[in-house]
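Structure at a glance
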Amino acid sequence: MRKKREFRIDLHVHSVFSGESLARPEDIVEAAISKGLDGICITEHGSLYASAPFEELKRKTGFPIFRGVELATDAGHMLVYGVRDSDWDDWGKDIVCNAQEVILRARALGGVAVPAHPCRLAERRGYVGEPKIVLDERIASLRYLAAIEVCNGKHSGNPSICEVLGRFAKSLGLGQTGGSDAHIPEDVGRSYTVFRTPILTEEDLVKALLSLSYYPQNEGLPHFSTSDSRPA
Ligand SMILES: [Zn+2]
Ligand SMILES: [Zn+2]
């Protein structure tokens, strides 16, 4: 069998445990497998514990399911990867956290933090055409970020957002991830991250995210060549 050279992981998925999604865990995993993904990371809003029931599904299916959390912070939404329930103790649950504290705490526990969708679209009054992309400059001053989410599934129809965020990440020397931000199974895999090493454990994921050797991708679009995280 040919050695696999790419590992496609959707790093930003919500399920019914986020409260605002109706996606059943089984349907999410089925969608991920049918789309040919090599893994997914469940990132429920405000609570790491919320996705604990996925552990059983992971055991049952053998499909690589990782669990992170998406926290609200004073610098926008922040995804945390690679921390364990017992260590994290559901820290930051349902509050607006200080972004730098989130990053430092994740780092101290062997994890990483990645700002999610750090931009917004500003409609200009009377202007016809593409809305202006406004970067969340608050994240530029944060220390010890691993990457920023450059491709978010909700923006996958507007590739110029990825280009702008890709340049932003590069200017900060950060990696570039992709995740669907799916709230329904059909959206799983709309955006994902392509790694060059197998990602089978949370430790693999953290190590890979710190390596910068990966890139974000939107489903069905050509390789996003300007966005390689690897420094030139
Ligand atoms: Zn978000
Ligand atoms: Zn989200």
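Since the model is a prediction, treat every value here as computed from it, not as a measurement.

The subject of this paragraph is the pairing of strand β6 (residues 112-115). Alternating positions in β6 separate into two faces, Val112 and Val114 on one and Ala113 and Pro115 on the other, with burial throughout. Where strand β4 (residues 76-81) lies against β6, 4 bridges are found, and the strand directions are antiparallel. Paired with leucine 79 across the strands is valine 114, a residue of β6.

So, about helix α6 (residues 202-211). Turning to α6, its buried residues are Leu205, Val206, Ala208 and Leu209. For α6, the angular spread of the buried residues around the axis is 165°, confining them to a single face. Just beyond α6, the residue with positive phi is leucine 212, at close to 65°.

Let us look at the nonpolar core. Across soluble globular proteins, nonpolar side chains show a tendency to be buried alongside one another. Counting 62 residues, the largest nonpolar core has Val80, Tyr81, Ala113, Val114, Leu145 and Ile148 as the members making the most contacts within it. Examining the composition of this core, we find that 5 residues originate from one element, helix α5 (residues 159-171), more than from any other. Beyond its immediate chain neighbours, meaning those up to four positions away, isoleucine 148 contacts Val114, Pro115, Pro118, Ile139, Leu165, Phe168, Ala169, Leu174 and Gln176.

Between helix α1 (residues 25-34) and helix α2 (residues 54-61), whose axes approach to 10 Å, the crossing angle comes to 45°. The angle between the axes of α1 and α2 places the two elements in the oblique class. Remark: the crossing between α1 and α2 carries right-handed chirality. In this structure, α1 contributes Pro25, Glu26 and Val29 to the contact, and α2 contributes Phe54, Leu57 and Thr61. In terms of residue class, the contact of α1 with α2 is built from 4 nonpolar, 1 polar and 1 charged.

Take the pairing of strand β1 (residues 7-13) next. Counting buried positions along β1 yields 7 of 7 residues, so the element is predominantly enclosed. The sheet contact formed by β1 and strand β11 (residues 191-195) spans 3 bridges and is antiparallel. Among the inter-strand pairings, arginine 8 is bridged to a residue of β11, identified as valine 194. Sheet topology places β1 next to strand β2 (residues 39-45); 3 bridges connect them, and they run parallel. When the bridges of β2 are listed, isoleucine 9 appears paired with glycine 39.

A few words on the environment of lysine 60. Assignment of secondary structure puts lysine 60 in helix α2. In this structure lysine 60 comes out as exposed when scored by C-beta crowding, with 10 C-beta atoms within 10 Å. Considering only alpha carbons, one finds lysine 60 and leucine 165, 105 residues apart in sequence, at a separation of 37 Å.

Bringing the UniProt feature "domain: Polymerase/histidinol phosphatase N-terminal" (unreviewed entry) in the protein into the picture now. What UniProt calls "domain: Polymerase/histidinol phosphatase N-terminal" (unreviewed entry) maps, in this numbering, to residues 9-75. As annotated, residues 9-75 has a helix share of 27% and a strand share of 31%, and its two end C-alpha atoms lie 25 Å apart.

Cut-offs applied
- Residues numbered from 1 in each chain as written.
- Chains lettered and ligands numbered in written order.
- Predicted model: local features only at pLDDT ≥ 70, side-chain atom pairs only at ≥ 80, totals over all residues.
- Buried ≥ 20, exposed ≤ 12 C-beta atoms within 10 Å, placed from the backbone.
- Helix = DSSP H or I, 4+ residues; strand = E, 2+ residues; numbered from the N terminus.
- Pairing = 2+ DSSP bridges.
- Arc of directions from axis to C-beta.
- Core = buried A, V, L, I, M, F, W, Y, C linked by C-beta atoms within 7 Å.
- Contact = placed C-beta atoms within 7 Å.
- Axes fitted to C-alpha atoms, helices over the stretch in contact; angles between N-to-C directions.
- Parallel < 35°, antiparallel > 145°, perpendicular 65-115°, else oblique.
- Left-handed = near helix turned anticlockwise from the far one by under 90°.
- Nonpolar A, V, L, I, M, F, W, Y, C, P; charged D, E, K, R; others polar.
- UniProt positions renumbered as here; feature names shortened; annotations may be inferred.

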